[in-house]
Amino acid sequence: MIETAVAAFQLPDVRRKILFTIGLLVLFRAVAHIPLPGVNTELLADFFAGNQLLGFMNLLSGGALENFSVVALGVYPYVTANIASTVLVPLIPPLQELSREGESGRRKIAQWTRLATIPFAMLQGFGQIQILRSAQQGLLSPTLNAFDIFVMLIVMTAGTMFLLWIGELITENGIGNGVSIIIFAGIVAGAPAALGQSLFAGENIGGFVAVVIIGLIMIAAIVFVQEAQRRIPVHYAKRIRGTRMYGGQSTHIPLKVNSAGMIPLIFAFSLMLLPATVASYFETSEVSWLANAAGAIAITLSPGNGIYWVFTFLLVIVFTYVYTLVVFQQQNLAENLQKNGGFIPGIRPGRPTHQYLTGVVNRITLAGAVFLGIIAVVPFVAQTVTGADAVAISSTGMLIVVGVVLDTMRQLESQLMMRNYEGFIR
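Residues numbered from 1 in each chain as written. Predicted model: local features only at pLDDT ≥ 70, side-chain atom pairs only at ≥ 80, totals over all residues. Heavy atoms only, no water.

**Let's talk about the nonpolar core**
For soluble globular proteins, nonpolar side chains are generally found buried alongside one another. What counts is decided by this rule: By convention a nonpolar core is built from buried Ala, Val, Leu, Ile, Met, Phe, Trp, Tyr and Cys residues, the set being connected through side-chain atoms within 4.5 Å. Only protein chains enter the accessibility calculation, which uses a 1.4 Å probe. A residue is then buried if its area is under 20% of the maximum for its type, exposed if over 50%, and partly exposed in between. By definition, any uninterrupted DSSP run of H or I lasting at least four residues is a helix, any uninterrupted run of E lasting at least two residues is a strand, and each is numbered from the N terminus.
Core analysis: the largest hydrophobic core is formed by 75 residues, its most contacted members being Phe68 and Ile129. Per element, the largest residue contribution to this core is 9 residues, and it comes from helix H9 (residues 146–173).

**Points about the environment of Asn336**
Considering the arrangement of structural elements, one finds Asn336 in helix H15 (residues 333–339). On the basis of relative accessibility, which here comes to 34%, the residue Asn336 falls in the partly exposed class. Spatially, the C-alpha atoms of Asn336 and Gly350 are 9.4 Å apart, while their sequence positions differ by 14 residues.

**Description of the environment of Leu163**
For clarity, the cut-off: It only takes one pair of heavy atoms within 4.5 Å for two residues to be counted as in contact.
Note that Leu163 resides in helix H9. Note: C-alpha distance between Leu163 and Leu25 (138 residues apart in sequence) is 9.9 Å. Among all residues touching Leu163, those that are not within four sequence positions of it are Phe28, Val71, Gly74, Val75 and Ile182.

**A closer look at the pattern of salt bridges**
Worth spelling out the cut-off: Only one rule defines a salt bridge in this text: a Lys or Arg side-chain nitrogen within 4 Å of an Asp or Glu carboxyl oxygen.
Within the structure shown, the criterion is met by 1 salt bridge. Across the pair Arg114 and Glu168 runs a salt bridge, and its minimum N-O distance is 3.1 Å. Of this pair, Arg114 sits in helix H8 (residues 103–135) while Glu168 sits in helix H9, and the two are 54 residues apart along the sequence. Of the residues examined, Arg114 reaches a relative accessible area of 24% and is grouped as partly exposed.

**Observations concerning the packing of aromatic side chains**
Threshold: Note on ring pairs: Phe, Tyr and Trp rings are taken, using the six-membered ring of Trp, and paired if centres are within 6.5 Å. Classes follow the plane angle, with under 30 degrees stacked, over 60 edge-to-face and the rest tilted. The criterion for a charge sitting over a ring is simple: Lys NZ or Arg CZ within 6 Å of the ring centre, and within 35 degrees of the ring normal.
All told, the structure shown has 1 aromatic pair when counted by the stated rule. Here Phe162 and Trp165 contribute two aromatic rings whose centre-to-centre distance is 6.1 Å and whose plane-to-plane angle is 40°, an arrangement assigned as tilted. Of this pair, Phe162 and Trp165 both sit in helix H9, 3 residues apart, which is roughly one turn of that helix. Using a relative accessible area of 26% as the deciding quantity, one classes Phe162 as partly exposed. Trp165 sits in the partly exposed class, given a relative accessible area of 48%. Sitting over the ring of Phe28, Arg29 keeps its end group 5.3 Å from the ring centre.

**Quick notes on a nonpolar patch on the surface**
Defined as follows: Patch building starts from residues that exceed 30% relative accessible area and form no salt bridge, then joins like charges within 9 Å and nonpolar side chains (Val, Leu, Ile, Met, Phe, Trp, Tyr) within 5 Å. Under the convention used here, a 1.4 Å probe and the Shrake-Rupley method define accessible areas, while residue burial counts only the protein chains that appear.
Residues Phe9, Leu19, Ile22 and Val26 make up a contiguous nonpolar surface patch of roughly 360 Å² in combined accessible area. For the nonpolar patch, the element with the highest residue contribution is helix H2 (residues 12–31), accounting for 3 residues.

**A look at the environment of Thr157**
Our working definition: Each polar contact in these results corresponds to two N or O atoms within 3.5 Å; when the atoms are within protein, one needs to be able to donate a hydrogen and the other to accept it, and residues that are neighboring in sequence are counted only if both atoms are side-chain atoms.
When you line up the elements, Thr157 lands in helix H9. On a C-alpha basis, the gap between Thr157 and Pro119 in space is 8.6 Å, while along the polypeptide they are 38 residues apart. Apart from the residues lying within four places of it in its own chain, the contact partners of Thr157 are Leu73, Ile118, Ala121 and Met122. A polar contact of 2.8 Å, which involves the side chain of Thr157, links it to the backbone oxygen of Leu153.

This is the structure we're talking about:
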């Protein structure tokens, strides 16, 4: 593998792409440390330690939210807009027709998704500023007026679009998917500090070692399931056009066991953390019943409660099925096969093929959904069993890291195979 990496770096065009990607990531990390004016950065670390929702958003922002920098929102608004676009396309007939127009239709939808990122960024930025203002810990300067907050929203939204632009540059001229690479860089950048702090603290070394072992097992399991697929054999009928004969070959449709990736985890964690976070703001209410209800919700749906684990597990399974079926319906595999003269052996073209493929997807998605549910609750179980609270194994972060690494390796693999070099994956 080392020889392959050296060979990849010796190729001028591949080396240029790698250095281009690294250069933009360095720029991203530099901008992530430029704080917005009027924010007390010294108190932010303690506040984030006690706010699970902001901690989760900080993960997707690559640590920029913890510094409340000009790119504090990260690419999370774009991820939200992209998820909304994926869900709405099959539900709105005009969008569904546009998605079937080929590359031009997909470009229009992608452009609308980028435009939708702006209002999502404004709403998310306003919510985060309100959370800091309601904390009453001196996180924001008391002299800030409405115009100052509006300027902060504009800067934060511009920072998100700047990261989105960097991501598109990486996708077009670098290696890997740009948006995923940016999230990956933020997660990796914060990992050494967290591990070093836990290791040199000297507390519960046995628990720390156990957490590391569990993390390695999780990585191996994620790689195995991410690469797992069910191959459906497909034959193409022979067709004669003029004096030439087309078709007649056999291939397969690769249906992935986990085609939803990290999306169900993002949905489930966001939904589970939101009620407890909102309830925490009403615990000090003067209305007794409201304060008692808010306290009960905050305790019941806190990450240290078993009920939280159960609901998270169930939500991950539900969201995995919903997102997988939505994406599967958009692909129109049965219709595309019939148009191109393809058929599954023993299955009639058209509706029977669609029903067969849907049944296969439902069965293999069950395994993928249960796996994601287990991965989602493993970090909480590991911290409870080992007592190593200083090290939080983020299942979402681990899925992102493993997925980005595998995708980047595949792209480098294709670059090398075109030049008759041996690839990374043997």
